[in-house]
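Architecture at a glance
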Amino acid sequence: MKKMFMVLAATVICGACLFTSCKKDEDNTSLNLEEKIIGKWITAESDGEALPTNMKIVFDIVSTTEAYVSLSIQDRTAEDTPWRDREETDVEINGNDVILSHSPKPGMTVMVALHIESITDATLIAKRTVTIRQDGGLVRSTENRVRYEKLNVDYRNAICGMWEGMSTGSEGSEFDDGENHRWEYLLDGTFNYFRKVNGQWQISDDDYADYFVAGTLLCTRWKNAGAGNEEHREWWEIESIENGVMKWKALRQREDGTTYTATFQMVKVPANK
């Protein structure tokens, strides 16, 4: 009787182990990541808090092995202030884990490891670990829980041309003066900025003025000509471009940590006007 009990117990244990193993395998495939992960994803939240627009990153995952990362981060305490317009990134998928890695400059590797908790056609939630190494040595490693939103539009081409407009919110941007201005976005990733002087549009004298669009994320940087001038950056999310009207929004963060939403609207200016 005792021998029979031991055999039955062993059978139950083995069955339970087999069930657990099968369940684990099902968990690793139930998300169907290899199909659902394809597309453009923008960071929306970090540890349950909405991300300011100037901290957002876009991953364009085009296959199970290849992606592109776009970001502009300005940290005056760091030697590297990333400006990445569709930088090629390797992708590896293992069960519910997605690893994206790229080398933004010689000797540096950046690895973003995502343990996917859930994914739909609109959102992706994951535990994220970002590890940066320089010449093999650890620079920093951070962990957080992130929510991404899928982008179904890309305004990279639609933004090209001349636009005129101004801030429409109660609080503008750091560089806004409340007046009408013009922006001319060129195909080569540069832009021209105009202000009206004595009734005439005058182009800004800049050492450089660059931009890129990744899905809905618009990143700009410029430096006014002249000694002592510093580079400036500004980030926006394009809400829409329809019928010759373009609308922007951006979540800004004040020095005290509180946030507000800035908005902008402009109309397309016909050529030679």
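Definitions and cut-offs
- Residues numbered from 1 in each chain as written.
- Predicted model: local features only at pLDDT ≥ 70, side-chain atom pairs only at ≥ 80, totals over all residues.
- Heavy atoms only, no water.
- Helix = DSSP H or I, 4+ residues; strand = E, 2+ residues; numbered from the N terminus.
- Buried < 20%, exposed > 50% of the residue type's maximum accessible area, 1.4 Å probe, protein only.
- Areas by Shrake-Rupley, 256 points an atom, 1.4 Å probe, with all protein chains shown as cover.
- pLDDT = per-residue confidence, 0-100.
- Contact = heavy atoms within 4.5 Å.
- Core = buried A, V, L, I, M, F, W, Y, C linked by side-chain atoms within 4.5 Å.
- Polar contact = N/O pair within 3.5 Å; in protein donor to acceptor, adjacent residues only side chain to side chain.
- Phe/Tyr/Trp six-rings, centres within 6.5 Å; stacked < 30°, edge-to-face > 60°.
- Lys NZ or Arg CZ within 6 Å of the ring centre and 35° of its normal.
- Pairing = 2+ DSSP bridges.
- Axes fitted to C-alpha atoms, helices over the stretch in contact; angles between N-to-C directions.
- Salt bridge = Lys/Arg side-chain N within 4 Å of Asp/Glu carboxyl O.

Remarks on the overall build of the protein
A tally of regular secondary structure across the protein gives two helices and 18 strands. Out of the 273 residues belonging to the protein, those deemed buried represent 38%. Accessible surface for the protein amounts to roughly 15800 Å². Of this, 50% is attributable to carbon and sulfur atoms.

Section: the confidence of the model for the protein
Mean pLDDT over the protein works out to 88, with 85% of the residues at or above the 70 mark. This stretch, residues 1–28, has a pLDDT under 50; its non-local contacts, to residues over four places away or in other chains, come to three contacts.

Some thoughts on the nonpolar core
The nonpolar side chains of a soluble globular protein tend to be buried, and buried together. Counting 26 residues, the largest nonpolar core has Phe 59, Val 98, Leu 100, Leu 114, Ile 116, Ile 119 and Leu 124 as its most contacted members. Where this core is concerned, the elements lending two or more residues are strand E3 (58–61), strand E4 (66–72), strand E5 (83–94), strand E6 (97–102), strand E7 (108–119), strand E8 (123–134) and strand E9 (137–151). In this structure Ile 119 touches Leu 31, Leu 33, Lys 36, Ile 37, Trp 41 and Leu 124, once residues within four positions along its chain are discounted.

Here we look at the side chain of Arg 252
As for its position among the elements, Arg 252 is in strand E17 (residues 245–253). Engagement of the side chain of Arg 252 in a polar contact is seen with the backbone oxygen of Trp 235, the distance being 2.9 Å.

Remarks on the packing of aromatic side chains
All told, the structure shown has nine aromatic pairs when counted by the stated rule. Relative to Tyr 193, the ring of Trp 183 lies with its centre 5.6 Å away and its plane at 55°, an arrangement referred to as tilted. Placement of Trp 183 in strand E11 (residues 181–185) and of Tyr 193 in strand E12 (residues 191–197) is noted, with a sequence separation of 10 residues between them. Overall, the relative accessible area of 16% leaves Tyr 193 in the buried class. For the pair Tyr 185 and Phe 191, a centre-to-centre distance of 5.9 Å together with 35° between the ring planes defines the contact as tilted. Exposure remark for Phe 191: the relative accessible area of 7% places this residue in the buried category. Linked through ring pairs, Trp 183, Tyr 193, Trp 236, Trp 248 and Phe 264 together constitute an aromatic cluster. One cation-aromatic arrangement involves Arg 86 over Tyr 68; the distance from NZ or CZ to the ring centre is 4.2 Å. Positioned above the aromatic ring of Trp 236 is the side chain of Arg 252, whose terminal nitrogen or guanidinium carbon lies 4.6 Å from the ring centre.

What about the pairing of E3?
Side chains Val 58 and Asp 60 project from E3 onto one buried face, and the interleaved Phe 59 and Ile 61 project onto a second face that is buried too. Of the pairings in the sheet, the one linking strand E1 (residues 39–46) to E3 comprises four bridges and is antiparallel in character. If you follow Trp 41 over to E3, its bridge partner there is Phe 59. Note that E3 and E4 share four bridges and pair antiparallel.

Digging into the sheet that holds strand E15 (residues 217–224)
As summarised here, the arrangement of the nine strands in space is E13-E12-E11-E10-E18-E17-E16-E15-E14, forming an open sheet in which the pairing is antiparallel. If you trace the sheet from one side to the other, it starts and ends with strand E13 (200–203) and strand E14 (206–214), each paired once. Adjacent strand axes in the sheet meet at a mean angle of 30°, parallel and antiparallel pairs treated alike. Inspection of the sheet shows E12 paired to E13 by four bridges, in the antiparallel sense. Residue pairing across strands places Phe 194 opposite Ile 203, the latter belonging to E13.

Some words on the environment of Glu 49
Looking at where Glu 49 falls in the secondary structure, it is placed in strand E2 (residues 49–50). Linking Glu 49 and Arg 145, residues 96 residues apart in sequence, is a C-alpha distance of 10.0 Å.

Brief notes about the pattern of salt bridges
Inspection of every chain in the model, using the stated rule, returns 14 salt bridges. With a shortest N-O distance of 2.8 Å, Arg 145 and Glu 117 are connected by a salt bridge. In this pair, Arg 145 is assigned in strand E9 and Glu 117 in strand E7, connecting sequence segments 28 residues apart. For Glu 117, a relative accessible area of 31% puts it in the partly exposed group. Note that Arg 221 and Asp 210 form a salt bridge whose closest N and O atoms lie 3.1 Å from each other. Placement of the pair is Arg 221 in strand E15 and Asp 210 in strand E14, with a sequence separation of 11 residues. Just as Arg 221 is buried, Asp 210 falls in that class too. If you follow the salt bridges from partner to partner, you end up with Lys 40, Asp 60, Arg 86 and Asp 154 in one network.

Concerning unusual backbone geometry
One non-glycine residue, Asp 47, adopts positive backbone phi at about 50°. On the basis of relative accessibility, which here comes to 49%, the residue Asp 47 falls in the partly exposed class. Phi is positive for Arg 86, which is not a glycine, with a value near 55°. By the secondary structure assignment, Arg 86 is in strand E5.

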